[in-house]
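Coordinate analysis (summary)
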Amino acid sequence: MRTRITLFFASRPGIILAGAVIGILAALLQKAGNPPNMGICVACFERDIAGALGLHRAAFVQYIRPEIIGFVLGSLIAALLFREFKARAGSAPIVRFVLGILAMIGALAFLGCPWRALLRLAGGDLNAITGLAGLSAGIFIGVLFLKSGYTLGKSNKTYPSAGWIMPVIMMILFLLLVFRPKFGEAGALFFSEKGPGSMHAPVFLSLLAGLFIGFLAQRTRFCTMGSLRDVMLMKDFHLASGVAALLIAASIVNFTLGAVRFGFSPQPVAHGAHLWNFLGMALAGLAFTLAGGCPGRQLFLAGEGDGDAAIFALGMVVGAGISHNFNLAGKPDGVVAGVVNAGGLPVEGMIAVAAGLAICAAIGFSMRENV
Amino acid sequence: MGKQVDARGLSCPQPVILAKKAIDEGNFPVEVTVDTVTSRENVRRMAENGGCRVRVEEAADEFKLIITR
C-alpha cells in the first residue's frame, strides 16, 4: 500500500495533482482572508513571521503565518509515515545561510517568491511576467554553475534530534500564535493592525492548508525552482507539469471568484519597476538554484530532517529582517484618493540586489569541484 | 568494468548530474549509490527517460541503482 502511494506521487499525475491542489488552496486562502494574490507566498510569509518576532519593525507585515508552520509539519508527518525522515546536515551551512539572506533580499525587491509570482500572474498582475523572466534568468545562470561543477559538498547523517529542531521551532511559533504572550511593554510579539500582515485566513484553515500542502509536497518533491532547472538541465518536464498545474488551477479559481484583474498598475502589493522586478527575481532564482531548492522546497526538506535546508530557511527569515531594517524591500504601488502612487525599489535595494548577484557569482565560481 | 558513482549526501540535482555524466561516458553497468528516496527517484527517472534499464538494490539507509543500457 505504502509503496503504491509512493509510486503514484512520484508519477506525472501525482505531481500534477499536487500542483493543482496547491493552486486551488492558495486561491481559496485569498478568498478566506489572505492578502490578494498572496494566498501562499513563502518569502512574504517568512517575512511576516520575522516581523511578528520583531526582527524587523515594518508595521504592515507582522503576523505568524500558520501556512509556513504547516509546510514544515505536514512534510514531517509525511516523512515519518513513509519512513523518509532522515536527519542530515553539514553541507556548507554558512553558505546556505547567506544564500537564504540573498534569496530573501531578491524576493522582497520583487515582492514575492516564485509561488507568489505564479499567483500574481493567476490574478492578472502582469508584473509577474518580468519577475518570472528574471527567475528563469537566475536559474539559468545557476544551471551553468551546476554544469561547471558547482557543489556545496556532501551532507552527513546526524542525530535524529537534530532533524527535529526545525519542526520544534515551528511548534513553538504555533504556540506563540495561539497564546500571543506579550514580552515586555513594547516588546514582541507584533501583529499588524493594517496592511497585508493584518489580512489572514482563520488560523485553523491556514494551518490545515499548510499541513496538507506540506504533506503532498514532501511526497511529490514539488519545487518551483526545480521545475525550470530540470527543463534547462535535462529537458525533464516532470516538476514543470506540477508548477503549470498550480498556475492553471489558481487561474481557474480566480476567474470563478471574479478575482482576476489584468494590468500592470495598480496591482495588490506589487510595483512596476520592471528592471528591478527582473533583477530581484534573478537574484532569488540564482540563490535558490545554488542552494538546491525554492523556498517552499527548503521548508519541506527541513521537515524531513534536512538541517541544511533549515539553515537556508532561517537565513531567509534573517534576510527579511535585514531587508526591511535597511530599506531594501520594494515599495508597493498605492492608491490615494483614486490616484496611483507608484512604488518601486529604493536605491538601497538596488545596491543590495546588485551586490547580491555579485556575491552569488562569487559563490558559484569559487565553490566548484572538477567533475 | 562499469562505473561507480557515490552520490550519497549530495543535494539536488547533483546525483542526477553525476549519474548522467557516467551514463554519457557509456561504461555500463553504471552503479549509482544514493541515500535519499528523492535522489533514487530522480536518478531513476533520468535514466529511464534516457532509455536505460534501472535495478535498485536497497541496503541499510542507502540505495544502489544499477543502470544498464
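Described below are features of the structure shown in this document.

1. Structural notes on the packing of aromatic side chains
Counted under the stated rule, the structure contains 11 aromatic pairs over all chains. Between A:Phe71 and A:Trp115, the aromatic rings sit 5.5 Å apart at their centres with planes inclined by 40 degrees, giving tilted as the arrangement. Here A:Trp115 lies in helix H6 (residues 114–122) and A:Phe71 lies in helix H4 (residues 66–81), a separation of 44 residues in the sequence. By relative accessible area, A:Phe71 is classed as buried at 0%. Sitting above the plane of the A:Phe110 ring, A:Arg120 keeps its charged end 4.1 Å from the centroid. Over the ring of B:Phe63 we find B:Arg40, and its NZ or CZ is 4.8 Å from the ring centre.

2. Things to note about the packing of helix H5 (residues 93–110) of chain A against helix H16 (residues 347–366) of chain A
Residue and element names in this part refer to chain A. Where H5 meets H16, the axes come as close as 10 Å, and the angle between the chain directions of the two elements is 145 degrees. Helix-helix and strand crossings are classified by hand; for H5 and H16 the assignment is left-handed. Only Ala352, Val353, Gly356, Ile359, Cys360 and Ile363 of H16 make contact with H5, whose side of the interface consists of Val95, Val98, Leu99, Leu102, Ile105 and Ala109. Tallied by class, the residues present in the contact of H5 with H16 amount to 11 nonpolar, one polar and no charged.

3. Thoughts on helix H2 (residues 37–49) of chain B
All names here are of chain B. With 13 residues, H2 ought to run about 18 Å at 1.5 Å a step, and its terminal C-alpha atoms sit 18 Å apart, in line with that. The element H2 is extensively covered by neighbouring structure, given that 10 of its 13 residues are classed as buried. Within the sequence span of H2, burial applies to Val37, Thr38, Ser39, Arg40, Glu41, Asn42, Val43, Arg45, Met46 and Ala47. Downstream of H2 by a residue or two, glycine 51 has a phi angle that is positive, lying close to 85 degrees.

4. Some points on the nonpolar core
Grouped together as the largest cluster of nonpolar side chains are 114 residues, with contacts concentrated most on A:Leu99, A:Trp115, B:Val32 and B:Ile67. Look past the residues within four positions of B:Ile67 in its chain and what remains in contact with it is B:Ile23, B:Phe28, B:Pro29, B:Val30, B:Val32, B:Val43, B:Ala47, B:Cys52, B:Arg53 and B:Val54.

5. Side note on the side chain of A:Gln218
All names here are of chain A. Tracing the backbone shows glutamine 218 in helix H10 (residues 203–220). At a separation of 2.9 Å, a polar atom in the side chain of glutamine 218 contacts the side chain of glutamate 304. When residues no more than four places from it in sequence are discounted, the contact partners of glutamine 218 are Ser75, Ala78, Ala79, Glu84 and Glu304.

6. Looking at the state of the cysteines
Two cysteines whose sulfur atoms are joined by a covalent bond form what is called a disulfide. All names here are of chain A. Enumeration over the complete set of coordinates arrives at one disulfide over all chains. Residue pairing for cysteine 41: its cysteine sulfur links by disulfide to cysteine 44, the two sulfurs lying 2.3 Å apart. Because the sign of the S-S torsion sets the handedness, a value of about 65 degrees for the bond joining cysteine 41 and cysteine 44 places this disulfide among the right-handed ones. Of the two residues, cysteine 41 and cysteine 44, both sit in the buried class. With no disulfide of its own, cysteine 113 lies 3.9 Å from the sulfur of cysteine 41, the closest cysteine sulfur. The class of cysteine 113 is buried, set by a relative accessible area of 0%. Cysteine 223 carries a free sulfur, and the closest cysteine sulfur to it, the one in cysteine 294, is 4.0 Å from it.

7. As for the interface of chain A and chain B
Facing 24 residues of chain A, the contacting portion of chain B comprises 22 residues. In total, about 1900 Å² of surface goes out of reach between chain A and chain B, with carbon and sulfur atoms giving 52% of it. Inspection of the chain A/chain B interface yields four salt bridges. Here A:Asp236 and B:Arg45 are joined by a salt bridge, their closest N and O atoms 3.2 Å apart. Along the contact surface separating chain A from chain B lie 10 residue pairs in polar contact (both at pLDDT 80 or more). Looking at the side of chain A that touches chain B, the elements with two or more residues in it are helix H1 (2–10) and helix H11 (224–234) of chain A. Top contributing element to the side of chain A that touches chain B by residue count: H11(A), with four residues. A breakdown of the residues in the side of chain A that touches chain B according to their chemical character gives seven nonpolar, six polar and 11 charged.

So, how was this worked out
- Along each chain, residue indices are assigned from 1 in the same order as the chain's sequence is written.
- Numbering of ligands from 1 and lettering of chains from A proceed in the order in which they are written.
- pLDDT decides what is reported in this predicted model: residues at 70 or higher carry local features, side-chain atom pairs at 80 or more are listed and counted, and totals for whole chains, interfaces and linings draw on all residues regardless.
- Working from all heavy atoms in the structure, the side-chain values ignore hydrogens and water.
- Each Phe, Tyr or Trp ring (for Trp, its six-membered ring) is paired with any other whose centre lies within 6.5 Å, and the angle between the two planes then decides the class: stacked below 30 degrees, edge-to-face above 60, tilted in between.
- Here a helix means four or more residues in a row that DSSP labels H or I, a strand means two or more in a row labelled E, and each is numbered from the N terminus.
- Burial classes: relative accessible area under 20% of the type maximum marks a residue as buried, over 50% as exposed, and values in between as partly exposed (1.4 Å probe, protein chains only).
- Here, a charge over a ring means that NZ of Lys or CZ of Arg falls within 6 Å of the ring centre while also lying within 35 degrees of the ring normal.
- Angles shown run from 0 to 180 degrees and are taken between the N-to-C directions of axes, each axis being a line fitted to C-alpha atoms and, for helices, limited to the stretch in contact.
- Working rule for handedness: look at the near helix, and if it is turned counterclockwise from the far one by less than a right angle, call the crossing left-handed; if clockwise, right-handed.
- Contacts are residue-level and defined by heavy atoms, with any inter-residue pair within 4.5 Å sufficient.
- Three classes are used, and their members are as follows: Ala, Val, Leu, Ile, Met, Phe, Trp, Tyr, Cys and Pro are nonpolar, Asp, Glu, Lys and Arg are charged, and the others, Gly among them, are polar.
- Multiply 1.5 Å by the residue count of a helix minus one, and that product is the helix's expected span.
- Nonpolar core, defined: a set of buried Ala, Val, Leu, Ile, Met, Phe, Trp, Tyr and Cys residues in which side-chain atoms within 4.5 Å join the residues together.
- Think of a polar contact as two N or O atoms within 3.5 Å of one another; within protein, one of them needs to be a possible hydrogen donor and the other a possible acceptor, and neighboring residues in sequence only count if both atoms come from side chains.
- Here, a disulfide means two cysteine sulfur atoms that sit within 2.5 Å of each other.
- Each of two parts loses accessible area, computed with a 1.4 Å probe, when they are put together; buried area is these two losses added.
- For this analysis, a salt bridge means a side-chain nitrogen from Lys or Arg found within 4 Å of a carboxyl oxygen belonging to Asp or Glu.

None of the figures reported here should be taken as evidence of function without further support.
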